[in-house]
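Okay, here's what each chain looks like letter by letter:
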Amino acid sequence: QQTQTPLPHPFTPQTCPTPFDDDSPASQAAHLPWTSPPYCLTPRSIGSAQKFCLYTAAAYNLGAGLSVLTTPDAAASLAAAVADTLPAWHARDHLASGGRLSKEQEGRVKYKVVRMEGKGMGVVATRRIDKFETIMVSLPAVVVDNEFLPAEEDEAPAEGGKFWRRVQGVGDWERVERLARSREGVNVVEDVVRTNAFGVRVEGREGKGLYPEIARLNHACDPNAFPRFTRSDLAMRAVATRDILPGEEITISYIPLGMPTPHRLRSLSNWGFNCTCALCTSPPAARDASDTRRHRLVEVYYAMQEPGVSYEELVELTREFVQTVEVERLDTKIGEYYQAFMRIYYNAGDAESALKYARLGLKYSEAFADPEGGFCSGLRADLKFLEAQMVGGK
Ligand SMILES: C[S@@+](CC[C@H](N)C(=O)[O-])C[C@H]1O[C@@H](n2cnc3c(N)ncnc32)[C@H](O)[C@@H]1O
């Protein structure tokens, strides 16, 4: 039986909203979709000239709430996504919703959150999940601009506490408070965000998004899921990168995929835990073999682009590359590689193979990247161009 979806929010802005901050004229209508006037400051402690404001939407995600700590311009660009109620409607079939699940909805949830030996809590599949399937949809509870909350080793503004205290009062804060923490000496909100947030990119600004449901996924260097951010609804989806069996832990990689062991361990050291994933704890010979394949991937990639490479060599290198990606299970990255192959084969005069790689690239990129993002749009344009060329018989 088809479920009726609600109409878009009546206040969804139809035009680009004007940025506003604490100096703008105070009128409730001007604040929509935010539910209270912004709280702003210019953090002098990090020598910034930029004004940052805390924008809150208490009703967002069925009352779970959203706090956005960013510049007035970036907040204005987020208004339409925050005002749109449809993502919350779709997300409610997952534990992501702030509200209670009906019996029928519970049957559709594909995972449960359980205690995992040596890792705190974790997420386990409750039924079979196919490759490319969406496992969960999560909406953000907090989004923070990276200039305000920079990387681990860089200092956050001393004025942060004034913001963090306000964030604690928004929506269903309890679900956020229960998340893992890994630091001492910093504000609890800052700690929860730093321990659990994911990179998000909004209007050219890098930020961190706290997605309480996705935040329960533990790290593995050879994960079976991938977090996919979509700009239009601000949602983060965990997408299966291979078939998952009931009882299997669902994991994602906290660091870029494909790194050899020493690089991985260095990257993971920022997270403050010893990785006990299958790849890190595999016998040294297996780890060395994997590292050798990962180094070889880089060599092959550059060899394919050498000016002197013959067409036959190119085909052989492509075959080796694709095979190694399969063995190392780096499928989520292959969309980008296929796009590169499209270019390489086009330049080598083989438009037919270029077209094949453009199609494959789009298939993987639409599954694991933002389908409305710049990479997929660019690839769709390339594909159209190549298809037109083939029809034109060029
Ligand atoms: C984003 S949270 C993941 C969920 C967390 N386990 C919980 O209880 O909410 C990140 C924290 O989980 C733990 N963790 C994640 N992956 C791990 C792994 N592979 N091995 C050990 N601990 C891990 C670490 O304590 C890390 O700081």
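This structure is a prediction, so every number in the text was calculated from the model and none was measured.

Definitions and limits used
Residues numbered from 1 in each chain as written. Predicted model: local features only at pLDDT ≥ 70, side-chain atom pairs only at ≥ 80, totals over all residues. Heavy atoms only, no water. Helix = DSSP H or I, 4+ residues; strand = E, 2+ residues; numbered from the N terminus. Buried < 20%, exposed > 50% of the residue type's maximum accessible area, 1.4 Å probe, protein only. Contact = heavy atoms within 4.5 Å. Areas by Shrake-Rupley, 256 points an atom, 1.4 Å probe, with all protein chains shown as cover. Pairing = 2+ DSSP bridges. Axes fitted to C-alpha atoms, helices over the stretch in contact; angles between N-to-C directions. Parallel < 35°, antiparallel > 145°, perpendicular 65-115°, else oblique. Left-handed = near helix turned anticlockwise from the far one by under 90°. Nonpolar A, V, L, I, M, F, W, Y, C, P; charged D, E, K, R; others polar. Near = heavy atom within 4 Å. Polar contact = N/O pair within 3.5 Å; in protein donor to acceptor, adjacent residues only side chain to side chain. Phe/Tyr/Trp six-rings, centres within 6.5 Å; stacked < 30°, edge-to-face > 60°. Lys NZ or Arg CZ within 6 Å of the ring centre and 35° of its normal. pLDDT = per-residue confidence, 0-100. Core = buried A, V, L, I, M, F, W, Y, C linked by side-chain atoms within 4.5 Å. Disulfide = S-S within 2.5 Å. Expected span 1.5 Å × (residues − 1).

**Some points on the overall build of the protein**
Next, step 1: Of the regular secondary structure elements, the protein holds 14 helices and 13 strands.
Next, step 2: The burial tally for the protein puts 49% of its 394 residues in the buried class.
Next, step 3: Intrachain contacts of the protein at a sequence separation of at least 6 include 64% that bridge at least 24 residues.
Next, step 4: Roughly 19,400 Å² of accessible area belongs to the protein as shown, and the carbon and sulfur atoms make up 52% of that amount.

**What about the sheet that holds strand β9 (residues 205-210)?**
Next, step 1: Pairing is mixed in the open sheet, where six strands are placed in the order β1-β2-β3-β7-β9-β8. Edge positions in the open sheet fall to β1 (39-41) and β8 (198-202), since each of these has one partner strand only. Taking the axes of each pair of neighbouring strands and ignoring which way they run, one obtains an average angle of 20 degrees across the sheet.
Next, step 2: When strand β2 (residues 52-57) meets strand β3 (residues 66-70), the two strands line up antiparallel, connected through five bridges. Among the inter-strand pairings, T56 is bridged to a residue of β3, identified as S67.
Next, step 3: Sheet strands touched by helix α8 (residues 188-196): β7 (142-145), β8 and β9. Its angle to β9, the strand with the most contacts, is close to 105 degrees.

**Quick word on the side chain of D350**
Next, step 1: Mapped onto the elements, D350 comes out in the loop between α12 (334-347) and α13 (351-368).
Next, step 2: Not counting residues within four places of it along the chain, the set of residues in contact with D350 comprises Y311 and Y345.

**Quick notes on the packing of helix α10 (residues 284-304) against helix α11 (residues 311-327)**
Next, step 1: Axis separation between α10 and α11 bottoms out at 10 Å; the angle between their running directions is 150 degrees. Comparing the axis directions of α10 and α11 gives the class roughly antiparallel. The way α10 lies across α11 gives a crossing that is left-handed. Two secondary-structure elements touch here, α10 through R293, R296, L297, V300, Y301, A303 and M304 and α11 through L314, L317, T318, E320, F321, T324, V325 and V327.
Next, step 2: Per-class residue counts for the contact of α10 with α11 are 10 nonpolar, two polar and three charged.

**Observations concerning the site of the ligand**
Next, step 1: Around the ligand, 16 residues are found, and the nearest of them are K119, M121, R216, N218 and H219.
Next, step 2: A distance of 2.4 Å separates an oxygen atom of the ligand from a polar side-chain atom of R216.
Next, step 3: Coverage of the ligand by the protein chains reaches 91% of its 570 Å² of free accessible surface.
Next, step 4: Those elements that provide at least two residues to the shell around the ligand are β5 (120-125), α8 and β10 (218-219).
Next, step 5: Partitioned by chemical class, the residues of the shell around the ligand number six nonpolar, eight polar and two charged.

**Considerations on the packing of aromatic side chains**
Aromatic ring pairs are defined here through the distance separating the ring centres and the angle between the ring planes.
Next, step 1: Under the definition given, this model contains 22 aromatic pairs.
Next, step 2: Consider the rings of Y338 and F341, whose centres lie 6.0 Å apart with planes at 80 degrees: the pair is edge-to-face. Pair noted here: Y338 and F341 are both in helix α12, with a separation of three residues, about one helical turn. Across this residue pair, the class does not change: Y338 and F341 are buried.
Next, step 3: A cation sits over an aromatic face here: R166 above Y39, 3.5 Å from the ring centre.

**Focus on the confidence of the model for the protein**
Next, step 1: Model confidence for the protein is summarised by a mean pLDDT of 86, while 88% of its residues fall at 70 or above.
Next, step 2: Low pLDDT (under 50) marks residues 1-14, which in the prediction has 18 contacts with non-local residues, meaning those over four places away or in another chain.

**Considerations on the environment of E352**
Next, step 1: With respect to the helices and strands, the residue E352 is situated in helix α13.
Next, step 2: Overall, the relative accessible area of 57% leaves E352 in the exposed class.
Next, step 3: C-alpha of E352 to C-alpha of L386: the two residues are 34 residues apart in sequence and 8.4 Å apart in space.

**Some points on the packing of helix α9 (residues 261-269) against α10**
Next, step 1: Where α9 contacts α10, the two axes come as close as 9 Å, and the packing angle between them is 95 degrees. Taken together, the axes of α9 and α10 are roughly perpendicular relative to one another. On the side of α9, the interface is formed by T261, P262 and R264, while α10 contributes R287, D291 and R294.
Next, step 2: Within the contact of α9 with α10, the residues separate by chemical class into one nonpolar, one polar and four charged.

**Digging into the nonpolar core**
Next, step 1: Ranked by size, the top nonpolar core spans 39 residues in total, and within it W34, L66, V82, I135, I214, L217 and I250 carry the most contacts.
Next, step 2: Membership of the second largest hydrophobic core comes to 30 residues, among which are M304, I334, Y337 and A358.

**Thoughts on unusual backbone geometry**
Next, step 1: Of note in the backbone geometry, N61 takes a positive phi value of approximately 55 degrees without being a glycine.
Next, step 2: As for its placement among the helices and strands, N61 is situated in helix α2 (residues 60-63).
Next, step 3: The phi torsion at L234 lies on the positive side, around 60 degrees, for a residue other than glycine.

**Considering the state of the cysteines**
Next, step 1: Scanning all chains against the criterion turns up one disulfide.
Next, step 2: Note that C40 is cross-linked by a disulfide to C53, the S-S spacing being 2.1 Å. Judged by the sign of its S-S torsion, about 105 degrees, the bond between C40 and C53 is right-handed. Here C53 lies in strand β2 and C40 lies in strand β1, a separation of 13 residues in the sequence. Accessibility assignment for this pair places C40 and C53 in one class, buried.

**Concerning α10**
Next, step 1: For α10, spanning 21 residues, the distance from its first C-alpha to its last is 30 Å, which sits close to the expected 30 Å at 1.5 Å a residue.
Next, step 2: Its buried side turned inward, α10 meets α9, α11 and α12.

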